[in-house]
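Now for the letters of each chain:
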Amino acid sequence: MTGRGRSRPRPLWPRPGLRTTVSLAFAAMAALVAVLIGALGYHSAARLIRDDEGADFTAAVQAVHQQVGREMLFPGDFNGTGGLSEDLLRPIRVTSQSLGPDGEVLPGTARIDLRPTPEDRSLARSDDPGQTSSGLRRVHGDTYRVAVVSLGGGRGAVQIAQQLGPTEHLLATLRIRTGVSVAVVAVLAGGAGWLLARRITGRLVRLTDAAELVAASGRLDVPVPAAGTDEVGRLGRAFDRMLGRLATAKENQRRLVQDAGHELRTPLTSLRTNLSVLPGLDRLPPAEQAALMADLAEEARELTLLVEELVALAADRKADEEPTELVLAELVREAAAQARRRSGREITVDADDTVVTARPDALARAVGNLLDNAAKFDPAGTAPIEVVVRGRRVEVRDGGPGIDEADLSRVFDRFYRATAARSLPGSGLGLAIVHEVAGSHGGEAFAANRDGGGAVIGFTLGP
């Protein structure tokens, strides 16, 4: 498949949830910090220990070197208790043994199995005192730091050795303990991250569960967690308001369908009745034929008007029409001119030059519905229909019988028709559309009776 129809490959492993992701991230960061601190701490400690032992060894070698340079010493001077080795070689794990003139270790001075090298024998036979050579040597799997100092005059030399194995073993133990500490810290951080993630994402998880329940069941009365003032709390409150608006819209849709079905039955029943008579139309007197055809035309017109108003009310065209800046008086005069052509009534317009930002088509339909309503309730046309525009307020005044006090609060309900208007044409949706248009512009619709007879019906626009 190509383009939009191309399907993405499914991952081999399901993606972890937010709680797991936060926990793993928290544990990874804690482990990284622990590794860095442990590595830096270990290297610092190892360097200090190694530098300290190296300084001890260097001090011991320098002490022997200085002593050999000041005095004439023999290999036996470093032999046994009380020898020079106890005074000069005090640092820990630093030992010495003497080499005779032939370069061999003197009996009784051997501390370790450190075999002389050709270089050691050469130093033992050297005439110059204080000549020194140093390096690392392996003895039975252990590492020693070794220095050989000549006594001069071919009298022999002194081997100074420092065992490095215990120090490296100590550092190895330190590495293991550091690694164990890092692992423990990572595990503890993972647990702490899980608890923290559970606390942070708990409301988000509950909100997700609520959304999935709404999507699966279609229910709009699902309780939504909306506590807190943070982003999750704001999201919960926004989702709760959205569900409330959806529930209201669903209820309005249900009522609209029920009311529309009820209102459509009357013209459809009349049409079916009249259509059943059509096969015998030629047997009816001419007067009855004309009345039947007029009745059919009127019912068809009423049905068409009802369907148009239902579509206008249900489609909610405000989403398709952008608000524009317009002069309210010009729009009202155009609507009045159309109403004059339809009804033949006299309509006067008294308007100022107020400029508003509104949806022109919706506003024109509201004004047209008000004019049609005024013409319908004053069919005799005893007085002109007056339209008054002041600021953001539009009033339509008629000279009809007025509105009963019991009906004033319900004239803008969908499909509501007062008792006195049941015999008049109309669907009961005209003023409901006026109410919808006014509300969508931030205003409201109003209705009242005029002093001396007639009604005043109109709307205001919000700022």
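Small disclaimer: the values here were computed from a predicted structure and weren't measured.

Counting its regular elements, the protein chain contains nine helices and 11 strands. Taken over 463 residues, the protein chain has a buried fraction of 37%. Expressed as a percentage of contacts within the protein chain between residues at least 6 apart in sequence, the contacts between residues at least 24 apart total 62%. Put simply, the protein chain shows about 27,400 Å² of open surface, and 57% of that area lies on carbon and sulfur atoms.

Strand order in the open sheet made by the four strands is E1-E4-E3-E2, with antiparallel pairing throughout. The open sheet terminates on both sides in strands that have one partner only, identified here as strand E1 (94–99) and strand E2 (132–139). Averaged over neighbouring strand pairs, the angle between their axes works out to 25° when direction is ignored.

In the structure shown here, the tally under the stated rule is one cavity of 30 Å³ or more. The computed volume of the largest cavity comes to approximately 40 Å³. Around the largest cavity, the lining residues are Leu 370, Asn 373, Ala 374, Val 396, Asp 398 and Ile 457. With three residues, helix H8 (residues 360–377) is the largest single contributor of residues to the lining of the largest cavity. Split by residue class, the lining of the largest cavity holds four nonpolar, one polar and one charged.

Let's shift gears to the pairing of strand E11 (residues 455–460). Here E11 lies mainly inside the structure; six of its six residues are buried. Taken together, the five bridges between strand E9 (residues 393–397) and E11 define a ladder with antiparallel strand orientation. Along E11, the bridge assignment pairs Arg 393 with Thr 460. Counted between consecutive antiparallel strands, the loop separating strand E10 (residues 445–449) from E11 contains five residues, among which Gly 452 sits at a positive phi close to 95°.

The next point concerns the pattern of salt bridges. Tallying each qualifying case throughout the model produces eight salt bridges. Ionic pairing is found between Arg 397 and Glu 386, a salt bridge with its closest N-O pair at 3.9 Å. Of this pair, Arg 397 sits in strand E9 while Glu 386 sits in strand E8 (residues 385–390); the two residues are 11 residues apart in sequence, bridging distant segments of the chain. By relative accessible area, which is 25% here, Glu 386 ends up partly exposed. The residue Arg 397 makes a salt bridge to Glu 395 at a minimum N-O spacing of 2.9 Å. With relative accessibility at 26%, the residue Arg 397 sits in the partly exposed group. For Glu 395, a relative accessible area of 12% translates into the label buried.

In contact at an axis separation of 9 Å, helix H7 (residues 328–343) and H8 are set at 45° when each is read in the N-to-C sense. Here H8 runs oblique to H7, going by the angle between their axes. Note that H7 runs across H8; the crossing there is right-handed. Seen from H7, the contacting residues are Leu 328, Leu 331, Val 332, Ala 335, Ala 336, Ala 339, Arg 342 and Ser 343; seen from H8, they are Pro 360, Leu 363, Ala 364, Val 367, Gly 368, Leu 371, Asp 372 and Ala 375.

Before going further, it helps to examine the sheet that holds E9. Consider a sheet: its strands pair through backbone hydrogen bonds, and that pairing is either parallel or antiparallel. Strand order in the open sheet formed by five strands is E6-E8-E9-E11-E10, and the pairing between neighbours is mixed. Looking at strand neighbours, the two that pair on one side only are strand E6 (347–351) and E10, the edges of this open sheet. Across the sheet, the axes of successive neighbouring strands diverge by a mean angle of 15°, strand direction being ignored. The pairing of E6 with E8 spans five bridges and is parallel. Note that in E8 the partner of Ala 351 across the bridge is Val 389. Here H7 sits on the sheet in contact with E6, E8 and E9, set at roughly 180° to E6. H8 contacts E6, E8, E9 and E11 of the sheet and is inclined by roughly 175° relative to E11.

This part covers helix H9 (residues 430–440). All buried positions along H9 are accounted for by Gly 430, Leu 431, Ala 432, Ile 433, Val 434, Val 437 and Ala 438. The positive-phi residue at the C-terminal boundary of H9 is Gly 442, with phi of around 80°.

Across its 18 residues, H8 extends 26 Å between first and last C-alpha, which sits within 8% of the 26 Å expected from 1.5 Å per residue. Residues of H8 that are buried include every one of Ala 362, Leu 363, Ala 366, Val 367, Gly 368, Asn 369, Leu 370, Leu 371, Asn 373, Ala 374 and Ala 375, and no others.

Before going further, it helps to examine the nonpolar core. The biggest cluster of nonpolar side chains holds 39 residues, and the ones touching the most others in it are Leu 363, Leu 371, Val 387 and Phe 459. Going through the elements one at a time, H7, E6, strand E7 (355–358), H8, E8, E9, H9 and E11 are the ones with two or more residues in this core. Apart from the residues lying within four places of it in its own chain, the contact partners of Val 387 are Val 332, Ile 347, Thr 348, Val 349, Asp 350, Leu 371, Val 394, Glu 395 and Val 396. Formed by 12 residues, the second largest nonpolar core is a distinct cluster that contains Ala 60, Val 64, Val 158 and Ile 160.

A word on the environment of Thr 21. Position of Thr 21 relative to the elements: it lies in helix H1 (residues 18–70). A residue is classified by how much of its surface remains accessible, and Thr 21, at 38% relative accessible area, is partly exposed. In sequence terms Thr 21 and Trp 194 are 173 residues apart; their C-alpha atoms lie 9.3 Å from each other.

What counts, and where the lines are drawn
The residue numbering used here restarts from 1 in each chain and proceeds along that chain's sequence as written. Local features in this predicted model are restricted to residues of pLDDT 70 or higher, and side-chain atom pairs are both shown and tallied only at a pLDDT of 80 or more, whereas totals for entire chains, interfaces and linings draw on every residue. Side-chain numbers come from the whole structure's heavy atoms, not from hydrogens or water. Note on conventions: DSSP H or I runs of at least 4 residues are helices, E runs of at least 2 residues are strands, and numbering of each starts at the N terminus. Relative accessibility under 20% of the residue-type maximum defines a buried residue, over 50% an exposed one, and the middle range a partly exposed one, all with a 1.4 Å probe and only protein chains included. Here, two residues are considered to be in contact whenever any of their heavy atoms come within 4.5 Å of each other. For accessible areas, the Shrake-Rupley method is used with a probe of radius 1.4 Å. Any residue's cover is judged against the shown protein chains and nothing else. Paired strands are those between which DSSP finds at least two bridges. Angular values range over 0 to 180 degrees, each being the angle between N-to-C directions of two axes fitted as lines to C-alpha atoms, with helices fitted over their stretch in contact. The pocket and cavity definitions rest on a 1 Å grid over protein atoms only: a 1.4 Å probe that fits but cannot leave marks a cavity, an open set with protein on both sides within 12 Å along at least five of seven lines marks a pocket, and residues lining either have an atom within 4 Å of a point. Grid points are joined across faces, edges and corners, and a volume is the space filled by probe spheres set on the points. All amino acids are sorted into three groups, where Ala, Val, Leu, Ile, Met, Phe, Trp, Tyr, Cys and Pro are nonpolar, Asp, Glu, Lys and Arg are charged, and the leftover types, Gly among them, are polar. Salt bridges are defined as contacts in which a side-chain nitrogen from Lys or Arg sits within 4 Å of a carboxyl oxygen from Asp or Glu. For classification, angles of less than 35 degrees are called roughly parallel, those exceeding 145 degrees roughly antiparallel, those between 65 and 115 degrees roughly perpendicular, and all remaining angles oblique. A clockwise turn of the near helix away from the far one marks a right-handed crossing, whereas an anticlockwise turn of less than a right angle marks a left-handed crossing. One less than the residue count of a helix, multiplied by 1.5 Å, gives the span that helix is expected to have. Nonpolar cores are built from buried Ala, Val, Leu, Ile, Met, Phe, Trp, Tyr and Cys residues. Side-chain atoms within 4.5 Å join them into one set.

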